Structures are given as structure tokens and as C-alpha cells.
Amino acid sequence: MASRSTQILEAAARVIARRGVRGLRVEELAAEAGVSTGLIYYHFKDRTGILRHTLEFINARAERYTTERDPGAEPLGPREELDQVLLLELQDTPEVRENSSAWGELRASAVFDPVLREDLARATLVWVQEVAGLLGQVRPMAPAAALASAAERLTALLEGLSMRWLSGGLTIDHARTLMREAVEVELTGLGGPAEPSEEPGPRP
């Protein structure tokens, strides 16, 4: 059974995804989570604490569903791992829809919230660094600055594609195709020797 704090954060992600950050009210969150408002304040102190911990929660959840593998499965090659981490952010499942929607709402709200802006900047930097590391495994001779720039472009594109898909601007299949094409473009631009097995593996 989920802990009370996790239960509250799951509810917060649902409320933010549906109603946005401005629509998050502690009383509504308590009703959604099935707990008292006092318990929410006990765990998270104030509304800012709720938002900061919810951001951490959706980041951790995204990391789980983009990196989890069957323990008995064959290990992924560097290119397959890169594809999985990016493309599994574009899944038509309730969990991914909710997570991506909540992330988008938090990012939009950060325009007006300096504290949330700093937290999002740190979370984004970590994400970019992780993708740059994966790109570096595929193109080990590429300069660090070039890897970081490629990772910035890919993660920014992924955010945009996710929002267009969620809002009905394009289909998920087309979004995933565009993402794959962008990965190919970035890897080509990074140059260097290709892996022995450069062909993408099974599609996530």
C-alpha cells in the first residue's frame, strides 16, 4: 500500500493535470487523496512544498516508466536505451498522459513563480544531462558541448511534441516518428564512428 505522502502526491499530480497549478486547492487535494488537510500540511508544510514534492514525484515516475526493464530481458545497447528513454515519454497510457500534463502545467506556472522556476530548471538540467550521457554512449567521440546541445534540442522537442499530442495537435504515432527522425538527425550531426549495431532495436 502506498504511504500517505505518496498517496497525496499521486492525488496532486491528478489534480494539477486536470485543473492546472492555479486550480490546486488544499481542500480539493485532501478530498482527492482521501485525507485531512491537516495531514497534507503535516507532510508538505505549505502549497509551495506540495508543488515542489509533486514535481519530484512526477520526475521519479517518468524515470521509472522510461527505464524499467524486465529483469530477464536482454540488456539494451546504447542506441536502444536512448530510443527507449525518449520514446517511452510518448505512450498513450493514463499514467503517461497524467504525468506529461502535470509537467506541462508546472512548467507553465513557473513563468510566474520564481521558486518553481528554479526547481524546474534543476530538473530540466538533470534530464538534459541524462540524455547527453546516453548520446555520448552512442557517439563517444563527440565533444561534451555538442552532446549537451543535442540533448537540449531533443528534450525541448519532446516536450513540444508531447503537448501537441496531448492537446490533439498531432497523433501519437506521428509524434513518435518525428522524435525518431530528430534522434537520427542529432546523431548524424554528432558524427564519429557508429556503433557495431547502429540500427535501432525493437521499438519501445
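Our structure is the block above this text.
Note that this is a predicted model, so its numbers are computed, not measured. (Residues numbered from 1 in each chain as written. Predicted model: local features only at pLDDT ≥ 70, side-chain atom pairs only at ≥ 80, totals over all residues. Heavy atoms only, no water.)

Chemist: Outline the packing of helix H5 (residues 78-87) against helix H7 (residues 114-138), listing residues and values.
Modeler: Direction vectors running N to C along H5 and H7 enclose 155 degrees, while the axes themselves pass 8 Å from each other. Relative to H7, the element H5 is oriented roughly antiparallel. Judged by the sense of rotation from one axis to the other, the crossing of H5 with H7 is left-handed. Counted together, Pro78, Arg79, Glu81, Leu82, Val85 and Leu86 of H5 and Val131, Leu134, Leu135, Gln137 and Val138 of H7 form the full contact between these two elements. (Axes fitted to C-alpha atoms, helices over the stretch in contact; angles between N-to-C directions. Helix = DSSP H or I, 4+ residues; strand = E, 2+ residues; numbered from the N terminus. Parallel < 35°, antiparallel > 145°, perpendicular 65-115°, else oblique. Left-handed = near helix turned anticlockwise from the far one by under 90°. Contact = heavy atoms within 4.5 Å.)

Chemist: Which residues make up the layout of surface pockets, and what values do they have?
Modeler: When its volume is computed, the largest pocket comes out at roughly 540 Å³. Lining the largest pocket are 26 residues, and of these Asn59, Ala62, Glu63, Glu89 and Trp127 sit closest to its centre. Of all the elements, helix H4 (residues 47-67) adds the most residues to the lining of the largest pocket, at eight residues. Residue composition of the lining of the largest pocket, by class: 13 nonpolar, seven polar and six charged. (1 Å grid on protein atoms, 1.4 Å probe; cavity = no way out; pocket = protein on both sides within 12 Å on 5 of 7 lines; lining within 4 Å. Points joined across faces, edges and corners; volume = space filled by probe spheres on them. Nonpolar A, V, L, I, M, F, W, Y, C, P; charged D, E, K, R; others polar.)

Chemist: Got a sec to walk through the side chain of glutamate 186? Specific residues and values, please.
Modeler: Along the chain, glutamate 186 falls in helix H9 (residues 172-190). What makes glutamate 186 buried here is its relative accessible area of 12%. (Buried < 20%, exposed > 50% of the residue type's maximum accessible area, 1.4 Å probe, protein only.)

Chemist: Describe the packing of aromatic side chains, naming the residues involved and giving the relevant values.
Modeler: Evaluated as defined, the whole model comprises one aromatic pair. Cation over ring: arginine 22 sits above phenylalanine 112, and NZ or CZ is 5.4 Å from the ring centre. (Phe/Tyr/Trp six-rings, centres within 6.5 Å; stacked < 30°, edge-to-face > 60°. Lys NZ or Arg CZ within 6 Å of the ring centre and 35° of its normal.)

Chemist: For the side chain of arginine 61, give the residues involved together with the corresponding values.
Modeler: Tracing the backbone through its elements, the reader meets arginine 61 in helix H4. Judged by relative accessible area, which is 11%, arginine 61 ranks as buried. Of the polar contacts made by the side chain of arginine 61, one reaches the side chain of asparagine 99; its length is 2.7 Å. (Polar contact = N/O pair within 3.5 Å; in protein donor to acceptor, adjacent residues only side chain to side chain.)

Chemist: An account of the packing of H4 against helix H6 (residues 94-110) is needed here, citing residue identities and associated values.
Modeler: Axis separation between H4 and H6 bottoms out at 10 Å; the angle between their running directions is 140 degrees. Judged on the interaxial angle alone, H6 and H4 are oblique. Considering the relative orientation of H4 and H6, their crossing is left-handed. Together, Leu51, Leu55, Ile58, Asn59, Arg61, Ala62, Arg64 and Tyr65 of H4 and Glu95, Val96, Glu98, Asn99, Ser100, Ala102, Trp103 and Leu106 of H6 make up the contact between the two elements.

Chemist: Summarise the environment of glutamate 98; cite the residues concerned and give the values.
Modeler: Position of glutamate 98 among the secondary structure elements: in helix H6. Sequence spacing of glutamate 98 and glutamine 7 is 91 residues, and the spatial spacing of their C-alpha atoms is 15 Å. Ignoring any residue separated from it by four or fewer positions in sequence, one finds glutamate 98 in contact with Glu10, Ala13, Arg14, Ala17 and Arg61.

Chemist: So, the pattern of salt bridges: which residues are in play, and what are the values?
Modeler: Once their charged atoms are close, side chains differing in charge can pair, the charge on each being opposite to the other. Inspection of every chain in the model, using the stated rule, returns 13 salt bridges. Its salt-bridge partner being arginine 19, residue glutamate 28 comes within 3.2 Å of it at the nearest N-O pair. Taking relative accessible area as the criterion, arginine 19 reaches 51% and is therefore assigned exposed. Note that aspartate 83 is salt-bridged to arginine 79, the shortest N-O span being 3.3 Å. One end of the pair is aspartate 83 and the other is arginine 79, both in helix H5 and four residues apart, which spans about a single turn. Grouping residues by exposure puts aspartate 83 and arginine 79 together as buried. A single salt-bridge network, built from bridges that share partners, covers Arg14, Arg18 and Glu32. (Salt bridge = Lys/Arg side-chain N within 4 Å of Asp/Glu carboxyl O.)

Chemist: So what's going on with helix H1 (residues 4-19)? Residues and values would help.
Modeler: With 16 residues, H1 extends 22 Å between its outermost C-alpha atoms, agreeing within 8% with the 22 Å of an ideal straight helix rising 1.5 Å per residue. Residues of H1 that are buried include every one of Ile8, Leu9, Ala11, Ala12, Ala13, Val15 and Ile16, and no others. Of the surrounding secondary structure, the elements contacted by the buried residues of H1 are helix H2 (26-33), helix H3 (37-44), H4 and H6. Count one or two residues on from H1 and you reach glycine 20, which has phi positive near 80 degrees. (Expected span 1.5 Å × (residues − 1).)

Chemist: Hey, could you go over H7 for me, with residue numbers and the actual values?
Modeler: The terminal C-alpha atoms of H7, which comprises 25 residues, lie 36 Å apart, in line with the 36 Å expected from a rise of 1.5 Å per residue. Here H7 starts with a cap whose side-chain oxygen sits 3.1 Å from the backbone nitrogen of valine 115, and that cap is aspartate 113.

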